[in-house]
Amino acid sequence: MRIRIGFALATACAIAVAACGSDNGGSSSPGNASSAGKSTGATKGAKAIDPGLMNGAKGTINYCQGKDTSGNVVAAVKKFNAMNTGVTVKLIEFSTSADEQRQQFVQRQEAKSGECDVFDADVIWTAEFASQKWIYDMTPYIKSRESEIIPATLQTATYDGKIWAVPQTTDAAFLYYRDDQVKTPPTTWQQVYEEAKANDGIVYQGAPYEGLTCDFLELAFAAGGKVLSDDGKKSEINSPANVKALQFMVDGVKGGIAANGVTTYMEEESRRYFESGKATFMRNWPYAYSLGEKKGTKVAGKFKVMPFPTFEGGGKAGILGGHNNVISVYSKNPGAALKWIDFFTGKEWQTESFDQFSLAPTIASVYDDPAIQKKYPFASELKAAVSQAKARPVSPVYPQISQAIYNNVNAALAGKVTPADAMKAADAQITKALGTF
Ligand code: GLC
């Protein structure tokens, strides 16, 4: 496997990423992540895990997560079950779409079903799940592991002053590019689109779902936009910066620079499009790296990855993605559930899952492993990007906020509404959602 990155640019960005937080609108927390740690009493009375339950735990538990697109979880379950710990894990795969995964878990929790002992929760669902009291307070377990975990990823598991989940994998997206077509990596998004126009275009996630919220906010935050006010109480989505970012995306679709079907693409459709050699650029998460380099793709050995460039007139920004393991309060075997989590999120497996599947670890020291550094020269840049990436808004009504973003952004991309009208509509819908709790 050949692994390369635009080094000069990556290094420049590793430094600039740190500036990303401060050069786009003055707020260090457009996602209002800082409020996650303060205790508001919203989760009073929630069940806390007893770490001692792990000792001697036995039985079979179900692990629910989205489709295993990287192959990581199938390999982990196989290894864990072969260890004969007395605990057996059965994998239940949900949809590839983040929104559908959430619905599948929420339906089970609303029915008080114990089917998913452990669920792989997207980083954006902590506030909702905790405030619904659907998951265990994991603070007593995480205490002993806190120092090894990247603080930004731990923050995504924190709500109301408690830690509800164990960070399993983190995500900061890359710009993938064909280095047989692009000789000098572009330094601005505007240049990316120019290069894309001169070659085979760009592909990203434009379908109306969570992925589009990420793709849009990466540009919007870089342009200087925000979603909520710093206190998290008011919508600030309808701003000139956000309209500008959306106009930029719309122009890309209208000008035929973005892939034809982009308004219907999620991560996997984008990955397959890029792997079949049809696009010069792709925005995607790190998991697509190791799959893209596999024999049989049309791009193996012909692409590099780079952190996001600057938005002209603004700065750089990345969105923090990732997944955390939570234990359902309806699980009949929380001890066995924790035993699996302890393995799956532990250093040994995180090293394996970075090595084999290019999934970004939540344990800081894994990035510094010499073998990993050799295999993935971009490991340090990825760690910096993860540490500096911006959180999406932390709110029990985050799903509604995100829907307001992706539905209206998608409508603008599809040419149904103007960017200005899309942001106006998103503003009204976010304001309504904020009024419901
Ligand atoms: C990835 C990210 C997650 C994000 C999702 C959007 O799975 O890790 O945080 O919400 O993509 O599709």
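Just so it is clear, the model here is predicted, and its values are computed rather than measured. Residue numbers restart at each chain and count upward from 1, following the sequence in its written direction. Given that this is a predicted model, residues contribute local features only at a pLDDT of at least 70 and side-chain atom pairs are listed and counted only at 80 or more, while totals for whole chains, interfaces and linings are drawn from all residues. Water and hydrogen atoms were dropped before computing side-chain values, which therefore reflect all heavy atoms in the structure.

Further remarks concern the sheet that holds strand β2 (residues 87-93). Strand pairing is assigned whenever DSSP identifies at least 2 bridges connecting the two strands. Segments assigned H or I by DSSP are reported as helices when at least four residues long, segments assigned E as strands when at least two residues long, and all are numbered from the N terminus. The five strands are arranged β2-β1-β3-β11-β6 in an open sheet whose pairing can be described as mixed. Edge strands, defined here as strands with exactly one partner in the open sheet, are β2 and β6 (166-171). Averaged over all adjacent pairs, the angle separating strand axes in this sheet is 25°, with direction ignored. Sheet strands touched by helix α12 (residues 334-344): β1 (59-65), β2, β3 (118-122), β6 and β11 (321-327). Its angle to β11, the strand with the most contacts, is close to 150°. The angle between two axes is taken between their N-to-C directions and runs from 0 to 180 degrees, where each axis is a line fitted to C-alpha atoms and a helix contributes only its stretch in contact. By definition in these notes, contact holds between two residues if any of their heavy atoms fall within 4.5 Å.

A word on the packing of helix α2 (residues 72-82) against helix α13 (residues 347-357). For the pair α2 and α13, interaxial distance at closest approach is 10 Å and the crossing angle is 140°. Our classification of the angle between α2 and α13 gives oblique. As for the relative orientation of α2 and α13, their crossing is right-handed in sense. Two secondary-structure elements touch here, α2 through Asn72, Ala75, Ala76 and Lys79 and α13 through Glu348, Trp349, Ser353 and Phe357. Polarity classes work like this: nonpolar for Ala, Val, Leu, Ile, Met, Phe, Trp, Tyr, Cys and Pro, charged for Asp, Glu, Lys and Arg, and polar for all others, with Gly in that last group. The class makeup of the residues in the contact of α2 with α13 is four nonpolar, two polar and two charged. Roughly parallel means an angle under 35 degrees; roughly antiparallel, over 145; roughly perpendicular, 65 to 115; everything else is oblique. Left-handed describes a crossing in which the near helix is turned anticlockwise from the far one by less than a right angle; the clockwise case is right-handed.

What follows is about the confidence of the model for the protein chain. Here pLDDT means the predictor's own confidence in every residue, given as a number from 0 to 100. For the protein chain, the average pLDDT comes to 92, and 92% of its residues sit at 70 or higher. Per-residue pLDDT, averaged within each element of the protein chain, yields its smallest value for helix α1 (residues 7-20) (33) and its largest for strand β8 (residues 202-203) (99). Every residue in residues 1-35 scores below 50 in pLDDT, and together they form 82 contacts with partners more than four places removed in sequence or on other chains.

Further remarks concern unusual backbone geometry. One non-glycine residue, Lys133, adopts positive backbone phi at about 60°. Residue placement: Lys133 occurs in the loop between α4 (126-131) and α5 (139-142). In the Ramachandran plot, Asp160 falls in the positive-phi region, its phi being about 55° despite a non-glycine side chain. Note that Asp160 resides in the loop between β4 (158-159) and β5 (162-163).

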